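Below are the chains, spelled out letter by letter.
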Amino acid sequence: MYEKLSFELSVSGRTGYSLPPMDVPEKSLASLIPARFLRKNAARLPELSEPEVVRHFIALSLLNHHVDKGFYPLGSCTMKYNPKLNENMARLPGFSQLHPLQDVSLAQGALQLMYELTGYLAEIAGMAQVTLQPAAGAHGELTGLMMIRAYHENQGNPRKNVLIPDSAHGTNPASVTISGYNAIQIKSNASGLVDLEDLKRNLNGDTAALMLTNPNTLGIFENQICQIVKLLQDEGALIYMDGANLNALLGIVKPGDFGIDVLHFNLHKTFSTPHGGGGPGSGPVGVSKKLIPFLPVPVIVKQGEDYVLDDKRPLSIGKISSFFGNFGIMVRAYTYIRRLGASGLRKVSENAILNANYLKAKLSSVFDIPYSGPVMHEFVASANRQKKLGIKALDIGKRLLDFGVHAPTVYFPLIVSEAIMIEPTETESKTSLDNFIAAVYQIASEIEKEPQKVKEAPHTTPVLRLDEVRAVKDANFRYQFESVG
Ligand SMILES: *Cc1c(COP(=O)(O)O)cnc(C)c1O
């Protein structure tokens, strides 16, 4: 009926103006397809209007917690706000519609962006060169370890072990094992730093590398780093730095300056791309000069005004991504870096550090803080005190959901019992931090007066407390049409 009306309007032309016909194909699509390809019975698809579809997805997005909806202090994950400008840039058709097999001459803009991004990252971290291929931090770890192996083998001196502090992220020992090395655990000392004596005991001619996170997963800067690097260099071993916590160092310190040989970046963390739920990621790897020959191919090289792909590198570990990595995330990181510039990046880290120390100071009246010195961008508290009253770190995390806050990381790092790991990031205002502090104070008082309320939380989320054991052993993935709305 509307179609007819618009058609009549368009042809009437009495005013001297005419309306276009409705923007739908006049011939039905079916008449364009040979009859033998058409289905005999209509598909049982739901008929929905556009507003219904939009409302469905908005409702779904609100069932979930995300950084556009509320505070997300998930330690180690750097859940900062992701500027929408980054999205606009990544969606430019010249970037988003490029085919990975497109001729290099037609992808010069993309190659220029990647080339410049490797330069920015190298400068930020003080590394000699960077590859963008790895598709996650863990993938970067594997890439780095493969280069370390190639380096030692090329020296005619293959080695067996990689040393890892006991505070490390689980991906570190996993990557070491997958790459064929033995993972050897190094103790932390009473200040939460690498125990130098234990390091010396385990360091020998079989040590390929030390894999160190700095600041470490307790949020503490490894201030013995120069001494540690010297010990390793004296044994001919390399130093891998897990750079997932780079949000604390931008413009303040360059890991290359303390002699790091390999470092991975988590673009999706430090350089702002929405992440979580397992992807997508981007884990570029920076290397020191002596590892440049082992970088994955192809390497983007500038020849005159042109960007070309160099894959004639005999010592390269080869390709570690089917194409070039997660390009959309590179565009976001590039945009973020260009927008902030050198001084803006430094402010990011300064504010991330300030926010973490503010929360730590305010929450130390409620929680035990096992390593009490100043921290970088995150800190680890312990719910040991609350556990004596029958409330675990997990219960506190669940109760925070009722305040519109994502739960912090709990039970990591493993060396802190009842660990609660809090990383506010620089993008939260003081008001938002104060609201979080008020929520934690209220929960602390509930634990004393009405612990059951905390034990049974959450009370306001679409799904209440799950039976975690049953969820694993008896998972129910059934699709339910009526479950939303
Ligand atoms: C996130 C993280 C990793 C792993 O990075 P992914 O991109 O999740 O694979 C490694 N180490 C630390 C310290 C991290 O926080």
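See above for the structure.
Below or above, wherever it landed, is the structure these notes cover. (Residues numbered from 1 in each chain as written. Predicted model: local features only at pLDDT ≥ 70, side-chain atom pairs only at ≥ 80, totals over all residues. Heavy atoms only, no water.)

What follows is about the site of the ligand. Around the ligand lies a shell of 13 residues, among which Ser76, Gly137, Asp242, His268 and Lys269 are the nearest. Between the ligand and Ala138, the relevant distance is 2.8 Å, taken from an oxygen atom to a main-chain nitrogen or oxygen of the residue. Considered on its own, the ligand offers 380 Å² of accessible surface; in the complex 87% of this is hidden by protein. Of all the secondary structure elements, the ones that give two or more residues to the shell around the ligand are α6 (137–154) and α10 (267–270). The element best represented in the shell around the ligand is α6, accounting for three residues. Split into classes, the residues belonging to the shell around the ligand amount to three nonpolar, seven polar and three charged. (Near = heavy atom within 4 Å. Polar contact = N/O pair within 3.5 Å; in protein donor to acceptor, adjacent residues only side chain to side chain. Areas by Shrake-Rupley, 256 points an atom, 1.4 Å probe, with all protein chains shown as cover. Helix = DSSP H or I, 4+ residues; strand = E, 2+ residues; numbered from the N terminus. Nonpolar A, V, L, I, M, F, W, Y, C, P; charged D, E, K, R; others polar.)

On to the packing of helix α13 (residues 393–401) against helix α14 (residues 430–449), then. Here α13 crosses α14 at 125 degrees, and the two axes come no closer than 10 Å. As far as their axial angle goes, α14 and α13 are oblique. The element α13 and its partner α14 pack so that their crossing is right-handed. Here α13 contributes Ile396, Arg399 and Leu400 to the contact with α14, which in turn contributes Phe436, Ala439, Val440, Gln442, Ile443, Glu446 and Ile447. (Axes fitted to C-alpha atoms, helices over the stretch in contact; angles between N-to-C directions. Parallel < 35°, antiparallel > 145°, perpendicular 65-115°, else oblique. Left-handed = near helix turned anticlockwise from the far one by under 90°. Contact = heavy atoms within 4.5 Å.)

This part is about the pairing of strand β2 (residues 161–165). Looking down a regular strand, the side chains alternate between one sheet face and the other. Counting buried residues along β2, five of its five residues qualify, which places the element largely inside the surrounding structure. Alternating positions in β2 separate into two faces, Asn161, Leu163 and Pro165 on one and Val162 and Ile164 on the other, with burial throughout. By the bridge criterion, five bridges tie β2 to strand β3 (residues 182–186) in an arrangement that is parallel. Across the sheet, the residue bridging to Leu163 is Ile184, located in β3. Remark: the β2/helix α7 (residues 171–178)/β3 crossover connection has right-handed handedness. Relative to strand β4 (residues 207–213), β2 is paired through three bridges, and the arrangement is parallel. From the neighbouring strand, Asn161 faces β4, where its bridge partner is Thr207. (Buried < 20%, exposed > 50% of the residue type's maximum accessible area, 1.4 Å probe, protein only. Pairing = 2+ DSSP bridges. Right-handed = clockwise from strand over helix to strand, strands pointing away.)

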